[in-house]
Amino acid sequence: MEDNRISYHESVKKAYERIKKDGLTNIWDRYEAQGMGGNPDQRCPFCLGGVRCDFCSNGPCRAEVAKDKRGVCGITGDGMAMRMMLLRNIMGASTYHYHTEETLKTLRATARGKTPFTIREPGKLKSFSERLGLSTKGSDADLALRLADFAETDFHRSAGEESRIVAALAPPERQDAWINLDLFPGGIYGEMMRATSSCLTNVDGYYVSLALKAMRLSVATAYQSQIINEYCQDILFGIPKPHPFRVNLGVLDPDYVNILPNGHEPFLGFAMVDLARKSEWQEKARAVGARGLRVIANIETGQEMIQRWNTDDVFYGFTGNWIMQEAVLASGAVDLFACDMNCSMPVDPMYAQKYKFKLIPVSDLVAFEGVKDRVDYLPEKVAAQAARLLEMAVGNFKERRNSVEPIRGLGAGEAVVGFSNESIVDLMGGSLAPLLSAIKDGSIRGVAGLVSCTSLRDSGQDVHCVAVAKELIKRNILVLSMGCGNGAMQVAGLCRPEAQDLAGNGLKAVCQKLRVPPVLSFGTCTDTGRLADLLLAVSTALGGVPLPDLPVAAVAPEYMEQKATIDAVFALALGLYTYVNPVPTVTGAPNLVKLLTQDLPGVTGGILNVEKDAVKAVDGIFAHIESKRKKLGL
């Protein structure tokens with residue numbers, strides 16, 4: 001593929017050259033091979049349009065709405081496309097919620113004294129419990145168990161019984177809108193069952209009904225799965241606060257034992273950092289010829305970790321997001337790759353064999369062909385499990401170091417990470433007033449929540465994300481970045497204070513005053529719920545301005561997988577202008593496209609925009625923000 005189709009990052013391009021030289025299959029070549037007619041982005045037109053179905057034995061079927069060509073059952077192309085979108089949403093919701101359940105198990109075990117973790121943020125435990133209407137009497141452990149019980153009870157409410165978590169946390173005006181539209185959810189499990197059952201052949205083939213069910217599920221996911229998950233992780237591991245962190249592939253020093261927790265769950269990662277900071281483990285590493293032992297943050301597990309804990313010579317750096325996974329593994333500097341419940345690639349065993357590292361699943365969700373060793377995370381055994389993983393890594397060092405030539409000179413930079421609702425308020429001196437003043441006087445025109453993955457569709461890794469972010473800050477739009485897109489911002493240098501020079505004069509002045517970058521590192525894709533909670537705080541501070549009237553936008557320049565699709569649908573349910581790229585696989589469903597891109601403002605207030613060109617995409621975002629400023633009299 002052409003150079004600009006590989007990656008925005010020079011370090012990844014260099015690693016790609018090594019992979020090619022070694023003759024390994026890789027994501028870039030596999031993407032290119034999927035194309036048709038010499039175009040890597042061209043696919044089957046029915047699949048690209050979302051108008052094909054193989055759910056029953058009468059199929060596969062194809063549909064053409066203009067010709068009223070339907071599936072054998074009679075479903076239209078609009079129904080096919082939205083039904084498949086809803087199924088993607090269900091997978092996203094389920095995976096988000098798996099993480100949440102693991103977090104609550106960890107909170108329970110910690111409250112009972114059965115893990116090495118502690119309740120680091122008792123103040124947040126109390127304040128969050130109060131928001132949920134819980135009694136705060138008793139010890140921190142009592143309150144943590146009460147919170148876990150309350151959350152799990154709510155998760156298991158039927159779809160017909162309103163969620164108490166959503167009632168406690170969502171903006172009142174949004175709750176009213178959702179009740180009127182039948183979008184106010186019950187428990188997440190009941191909503192997933194209702195949505196899944198709706199997708200069976202000959203049950204619900206109406207695209208409007210399916211779209212509304214997707215939005216209802218997304219509301220349950222954001223408040224029950226995402227907010228509960230992140231705030232309980234804050235309680236256990238610390239509220240994110242701004243601090244510098246090393247980033248990019250150059251953080252991998254082949255002369256050290258390097259352990260990479262990978263995926264989305266930080267539990268074993270944190271446990272390994274705690275152990276690795278002990279002198280006895282550093283001595284074990286030196287005894288096999290290494291300079292020491294390091295834990296290197298990776299992908300979204302890494303984001304969860306670096307947002308909360310400071311760097312040192314043990315918790316040393318962060319590599320990047322998921323598309324560069326093969327580049328990370330081909331560096332010749334990895335001793336153990338610990339794979340939790342998301343974002344580990346089926347091809348990883350081939351890389352483990354070639355580059356001599358231990359590939360260990362640490363979640364019962366994850367499995368690799370040919371890999372038998374595993375350490376499935378259990379909160380009560382986390383200390384012993386972390387020690388076992390460190391032993392494996394130390395034991396691997398000699399073979400890896402003696403047989404694999406590492407890539408040198410991959411480059412490393414620095415990013416300021418760890419922004420959260422609380423830390424943003426702290427930066428402002430204890431209230432949101434300075435931020436709101438900057439928005440009112442026009443120094444900041446608006447705020448964009450960049451909640452993105454990374455994708456090879458239409459551009460190289462992170463190329464479009466970086467282009468959109470640069471264009472946003474140039475127009476004085478503050479960016480809060482989350483997900484794999486956050487890794488793009490960090491490695492590209494946009495989360496450094498020096499990036500102020502790329503911003504418009506108004507945003508630049510605000511950033512200089514507050515000593516912050518124009519792109520604030522706000523966490524992982526799971527922090528979508530945290531961002532919704534920040535919007536509630538902004539709305540409240542402005543006297544209850546409805547969320548659809550705020551000068552804000554949701555931005556996903558390179559969405560990729562199923563979790564991203566439910567985040568986008570939630571943004572629409574929340575009433576936000578939502579920009580997504582690549583173009584979703586619904587273009588063969590014209591009535592559905594019209595609903596999402598034209599009619600939805602009259603339903604939830606949200607609207608979907610798609611655009612491949614970065615400048616034109618930001619033109620749309622900027623116009624929307626300016627229209628909201630005018631409506632508010634700003």
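Residues numbered from 1 in each chain as written. Predicted model: local features only at pLDDT ≥ 70, side-chain atom pairs only at ≥ 80, totals over all residues. Heavy atoms only, no water.

**Focus: the overall build of the protein chain**
In step 1: Secondary structure assignment for the protein chain yields 25 helices and 15 strands.
In step 2: Computed over the C-alpha atoms, the radius of gyration of the protein chain is 24 Å, within 12% of the 26 Å expected from 2.2 N^0.38 for a compact globule of 634 residues.
In step 3: Burial statistics for the protein chain: of 634 residues in total, 62% are counted as buried.
In step 4: Counting contacts in the protein chain only where the partners sit at least 6 residues apart, residues at least 24 apart contribute 76% of the total.
In step 5: Counting every atom, the protein chain has about 22,700 Å² of accessible surface; 51% of that belongs to carbon and sulfur. (Helix = DSSP H or I, 4+ residues; strand = E, 2+ residues; numbered from the N terminus. Rg over C-alpha atoms; globule rule 2.2 N^0.38 Å. Buried < 20%, exposed > 50% of the residue type's maximum accessible area, 1.4 Å probe, protein only. Contact = heavy atoms within 4.5 Å. Areas by Shrake-Rupley, 256 points an atom, 1.4 Å probe, with all protein chains shown as cover.)

**Some details on the pattern of salt bridges**
In step 1: Taken as a whole and assessed by the stated rule, the structure comprises 46 salt bridges.
In step 2: Between Arg-475 and Glu-471 there is a salt bridge, and its shortest N-O distance comes to 3.0 Å. For the pair formed by Arg-475 and Glu-471, the shared burial category is buried.
In step 3: Three or more residues are tied together by salt bridges with common partners; here these are Lys-124, Glu-230, Asp-234, Glu-304, Arg-308, Glu-422, Asp-527 and Arg-530. (Salt bridge = Lys/Arg side-chain N within 4 Å of Asp/Glu carboxyl O.)

**Let's talk about the nonpolar core**
In step 1: One finds Trp-178, Tyr-223 and Met-489 to be the most contacted residues of the largest nonpolar core, which totals 173 residues.
In step 2: Among the elements that make up this core, the one with the highest residue count is helix α10 (residues 207-237) (17 residues).
In step 3: Setting aside anything within four residues of it in sequence, one finds Met-489 in contact with Leu-450, Cys-465, Val-466, Ala-469, Ser-481, Leu-494, Cys-495 and Val-519.
In step 4: Among the nonpolar cores identified, the runner-up in size contains 42 residues, and Tyr-16, Tyr-31, Ile-296 and Val-404 belong to it. (Core = buried A, V, L, I, M, F, W, Y, C linked by side-chain atoms within 4.5 Å.)

**With respect to the environment of Ala-159**
In step 1: With respect to the helices and strands, Ala-159 occurs in the loop between α6 (140-155) and α7 (164-169).
In step 2: Accessibility expressed as a relative area gives 17% for Ala-159, which makes it buried.
In step 3: C-alpha of Ala-159 to C-alpha of Asn-89: the two residues are 70 residues apart in sequence and 16 Å apart in space.
In step 4: In this view, Ala-159 contacts Gly-186, Gly-190, Glu-191, Arg-194 and Arg-216; residues no more than four positions away in its chain are not counted.

**Points about the pairing of strand β11 (residues 477-482)**
In step 1: With 6 of its 6 residues buried, β11 lies for the most part within the structure.
In step 2: Because side chains alternate across β11, one face comprises the buried residues Ile-477, Val-479 and Ser-481, and the other comprises Leu-478, Leu-480 and Met-482, equally buried.
In step 3: Of the strand pairs in this sheet, strand β10 (residues 446-451) and β11 are connected by 6 bridges, and their pairing is parallel. By the bridge assignment, Ala-448 is partnered in β11 with Val-479.
In step 4: Chirality of the crossover, the property in question, places the unit of β10, helix α19 (residues 463-474) and β11 among those that are right-handed.
In step 5: As paired elements, β11 and strand β12 (residues 519-521) share 3 bridges and run parallel to each other. Directly across from Ser-481, in β12, lies its bridge partner Ser-521. (Pairing = 2+ DSSP bridges. Right-handed = clockwise from strand over helix to strand, strands pointing away.)

**Looking at helix α12 (residues 279-287)**
In step 1: Here α12 has its buried residues at Trp-281, Gln-282 and Ala-285. Taken around the axis of α12, the buried residues stretch over an arc of 100°, which confines them to a single face. In α12, the exposed positions that point more than 90 degrees away from the buried face belong to Ser-279 and Ala-287.
In step 2: On its buried face, α12 sits against β4 (257-262), α11 (267-276), β5 (293-297) and α16 (382-403).
In step 3: After α12 finishes, the residue Gly-289 shows a positive phi value of roughly 100°. (Arc of directions from axis to C-beta.)

**A few points about the packing of aromatic side chains**
To describe a pair of aromatic rings, one takes the distance between the centres and the angle between the planes.
In step 1: Scanning all chains against the criterion turns up 13 aromatic pairs.
In step 2: Ring plane angle 45° and centroid distance 4.2 Å describe the contact between Phe-270 and Trp-309, whose orientation is recorded as tilted. In this pair, Phe-270 sits in helix α11 while Trp-309 sits in the loop between α13 (299-306) and β6 (315-318), placing the two residues 39 residues apart along the sequence.
In step 3: For Trp-309, a relative accessible area of 4% puts it in the buried group.
In step 4: Between Tyr-351 and Tyr-355 the ring centres are 6.0 Å apart and the planes differ by 40°, which places this aromatic pair in the tilted class. On the criterion of helical spacing, the pair formed by Tyr-351 and Tyr-355 is a turn pair, its members being 4 residues apart in helix α15 (residues 348-355). Just as Tyr-351 is buried, Tyr-355 falls in that class too. (Phe/Tyr/Trp six-rings, centres within 6.5 Å; stacked < 30°, edge-to-face > 60°.)

**Observations concerning the pairing of strand β3 (residues 243-247)**
In step 1: Alternating residues of β3 divide into His-243, Phe-245 and Val-247, all buried, and Pro-244 and Arg-246, none buried.
In step 2: With 5 bridges joining them, β3 and strand β9 (residues 413-417) adopt antiparallel strand pairing. Across the sheet, residue Pro-244 finds its bridge partner in β9, namely Val-416.

**Section: the side chain of Gln-500**
In step 1: By the secondary structure assignment, Gln-500 is in the loop between α20 (484-491) and α21 (505-514).
In step 2: Not counting residues up to four positions away in its chain, the partners in contact with Gln-500 are Lys-508, Cys-511, Gln-512, Val-516 and Pro-518.

**A look at the side chain of Gln-224**
In step 1: With respect to the element layout, Gln-224 can be found in helix α10.
In step 2: By relative accessible area, Gln-224 is classed as buried at 0%.
In step 3: A polar side-chain atom of Gln-224 sits 2.8 Å from the main-chain carbonyl oxygen of Gly-186.
In step 4: A distance of 2.9 Å separates a polar side-chain atom of Gln-224 from the backbone nitrogen of Ile-188.
In step 5: Apart from the residues within four sequence positions on either side, Gln-224 is in contact with Thr-100, Asp-154, Phe-155, Ser-163, Ile-165, Val-166, Gly-186, Gly-187 and Ile-188. (Polar contact = N/O pair within 3.5 Å; in protein donor to acceptor, adjacent residues only side chain to side chain.)

**Let's talk about the sheet that holds β10**
In step 1: The parallel open sheet is built from 6 strands, whose spatial order is β12-β11-β10-β13-β14-β15. On the outer flanks of this sheet lie β12 and β15 (607-610), each paired with one strand and no other. This sheet shows a mean twist of 25° between the axes of neighbouring strands, independent of strand direction.
In step 2: Contacts from α19 reach β10, β11, β12, β13 (552-556) and β14 (577-580), with the element oriented near 150° to β11. (Axes fitted to C-alpha atoms, helices over the stretch in contact; angles between N-to-C directions.)

**Some remarks on unusual backbone geometry**
In step 1: Cis rather than trans, the peptide bond between Gly-59 and Pro-60 has omega equal to 0°.
In step 2: Turning to its location among the elements, Pro-60 is positioned in the loop between β1 (52-53) and β2 (61-62).
In step 3: A cis amide bond links Asn-581 with the next residue in sequence, Pro-582, at an omega value of 5°.
In step 4: Here Pro-582 shows up in the loop between β14 and α24 (590-599).
In step 5: Its identity as a non-glycine residue notwithstanding, Asp-458 has a phi of 75°, on the positive side.
In step 6: Residue position: Asp-458 is located in the loop between β10 and α19.
In step 7: For Asp-458, a relative accessible area of 27% translates into the label partly exposed.

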